[in-house]
Amino acid sequence: MKFNFFSEKGSCNAVLLIYTGGTIGMKEDPEDGTLKPFDFNGILEEVPELRKFALKIDSFAFNPLIDSSDVEPTLWQALAKLIRERYDDYDGFVILHGTDTMAYSASALSFMLENLGKPVIFTGSQLPIGSPRTDGKENLISAVEIATAKDSHGHPMVPEVCICFNSQLLRGNRSVKVNATGFDAFKSPNYPPLATAGISIKYNNSFIHYGYDRRKEFTIHTMLDTRVSVLKLHPGITEQAVRDILLGGGSRAVILETYGSGNAPCRPWFLAIVRDACRSKILLNVTQCQSGDVDMDIYATGRALKDAGVICGHDITTEAALGKLFYLMGRHEDNAQVKTLLEKNLKGEISK
Ligand code: ASP
């Protein structure tokens, strides 16, 4: 479904609003009282303020609209293709998306979009846009403003994949959903906000990535290898559970969610399984802590993982680790090459 409208002031910059679903465009089903997506036309009627921008605003809605708990990598591939197809027609892109998996989608897109020179801004809301106290309007308006903001030379202020939420602009692949009910749903614990929206929008230029090359083309990578599992360590974890996830067929990589600065149990059975898994799989060490990073040289418990062949995730989030693995494994057959690239900062996802 597609439609477009022009702002009252005629067209200057152009933005494509892409609606995938999520609370921002949901309303209550009178039959069972649950929130379900409604027609995207309703969103634009709810935000007449958008017409006041001197912008051309086009829209594209996916069909079906989904609660983001149903997001699959096929949506990321479709988003990447849509942005590639429309790249030359717009100054920026705003993706309306449910909050539950927004950090996963923003992370994955950051790897899939190569040499991105325009803003791709994810946003959504905690309350449907039709509710009197909705946070959706402000989030959407700020996202549109940021997606089309230019510096004095006419270059985009934020040529990155970001999340705009509750007056903050966060790097997509640094973001995590931290609050299920509050308006401050997202944080990027290991990286400063790229911008803050107050009376005006203040850009944190020194933290924004301006590394795209204007002479090179914008391209996309849509080959993803999704054979990744996640093992979250916890006291009392059983040998069988560790064996099933680390040695089970079907996965090519496992994200090991470890304690503190990358620590795990030193029990012989645990390390034997890890060593065994490292012979054929990629094991990536990501800390369960929100802030700080993995350093496998501090404690013997971390060093044992390093010696077994586990790769250091530094301060990557699990959300970004998943997208990075899908992307790298989709591009490279050779696990050794994937491991080398995992250690590198590709899209600002790790502090290294
Ligand atoms: N369950 C919803 C979703 O992620 C929540 C939201 O949009 O905030 O689609």
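Going by the structure above, here's the rest.
Residues numbered from 1 in each chain as written. Predicted model: local features only at pLDDT ≥ 70, side-chain atom pairs only at ≥ 80, totals over all residues. Heavy atoms only, no water.

Asker: Tell me about unusual backbone geometry, and please be specific about residues and values.
Answerer: A cis amide bond links Asn63 with the next residue in sequence, Pro64, at an omega value of 5°. By the secondary structure assignment, Pro64 is in the loop between strand E5 (55-61) and helix H2 (73-86). Even without being glycine, Asn115 reaches a positive phi, approximately 60°. Relative to the helices and strands, Asn115 is located in the loop between strand E7 (113-114) and strand E8 (120-123). Overall, the relative accessible area of 16% leaves Asn115 in the buried class. (Helix = DSSP H or I, 4+ residues; strand = E, 2+ residues; numbered from the N terminus. Buried < 20%, exposed > 50% of the residue type's maximum accessible area, 1.4 Å probe, protein only.)

Asker: Please set out the environment of His332 residue by residue, giving values where relevant.
Answerer: Along the chain, the position of His332 falls in the loop between helix H8 (318-331) and helix H9 (335-342). Sequence separation of His332 and Lys56 is 276 residues, and the distance between their C-alpha atoms is 40 Å. If we skip the residues at most four places from it in the chain, His332 touches Arg252, Gln337, Val338 and Leu341. (Contact = heavy atoms within 4.5 Å.)

Asker: Can you tell me about the sheet that holds strand E17 (residues 253-258), naming the residues and giving the values?
Answerer: Spatially, E16-E17-E18-E19 is the arrangement adopted by the four strands of the open sheet, whose pairing is parallel. Edge positions in the open sheet fall to strand E16 (228-232) and strand E19 (311-312), since each of these has one partner strand only. Where E17 meets strand E18 (residues 282-287), six bridges bridge the pair, whose relative direction is parallel. Within E18, the position partnered with Thr258 by the bridge is Thr287. Along the sheet, H9 contacts E18 and E19; its crossing angle with E18, the most-contacted strand, is approximately 20°. (Pairing = 2+ DSSP bridges. Axes fitted to C-alpha atoms, helices over the stretch in contact; angles between N-to-C directions.)

Asker: Report on the packing of aromatic side chains, specifying residues and quantitative values.
Answerer: Within the structure shown, the criterion is met by eight aromatic pairs. Look at Tyr90 and Phe93: their rings are 5.9 Å apart centre to centre, the planes differ by 65°, and that puts the pair in the edge-to-face class. Assigned by exposure class, Tyr90 and Phe93 land together as buried. The lysine or arginine in question, Lys118, covers the ring of Tyr87, its NZ or CZ lying 4.6 Å from the ring centre. (Phe/Tyr/Trp six-rings, centres within 6.5 Å; stacked < 30°, edge-to-face > 60°. Lys NZ or Arg CZ within 6 Å of the ring centre and 35° of its normal.)

Asker: Got a sec to walk through the side chain of Ser167? Specific residues and values, please.
Answerer: Along the chain, Ser167 falls in the loop between strand E9 (161-165) and strand E10 (168-171). Polar contacts involving the side chain of Ser167 include one to the side chain of Glu138, which spans 2.9 Å. In this structure, Ser167 is in contact with Glu138, Ala195, Thr196 and Ala197, ignoring residues within four places of it in sequence. (Polar contact = N/O pair within 3.5 Å; in protein donor to acceptor, adjacent residues only side chain to side chain.)

Asker: Lay out the site of the ligand with the relevant residues and their values.
Answerer: Taken together, the neighbourhood of the ligand is formed by Gly22, Thr23, Asp67, Ser68, Gly98, Thr99, Asp100, Ser125 and Gln126. Take Ser68: an N or O atom from its side chain is 2.5 Å from an oxygen atom of the ligand. In this structure, Ser125 approaches the ligand through a main-chain N or O atom, which is 3.2 Å from an oxygen atom. Starting from 260 Å² of accessible surface for the ligand in isolation, the protein chains cover 90%. (Near = heavy atom within 4 Å. Areas by Shrake-Rupley, 256 points an atom, 1.4 Å probe, with all protein chains shown as cover.)

Asker: So what's going on with the pairing of E8? Which residues, and what values?
Answerer: The two faces of E8 match: Val120 and Phe122 on one face and Ile121 and Thr123 on the other face are all buried. Pairing geometry for strand E6 (residues 92-96) and E8, over four bridges, is parallel. In the strand pairing of E8, Val94 is matched with Ile121. In this sheet, E9 lies alongside E8 in parallel orientation, the contact comprising three bridges. Looking at the pairing, Ile121 lines up with Cys162 of E9. Each parallel crossover has a hand, and for E8 linked through helix H4 (residues 136-147) to E9 it is left-handed. (Right-handed = clockwise from strand over helix to strand, strands pointing away.)

Purely geometric numbers; function is a separate question.
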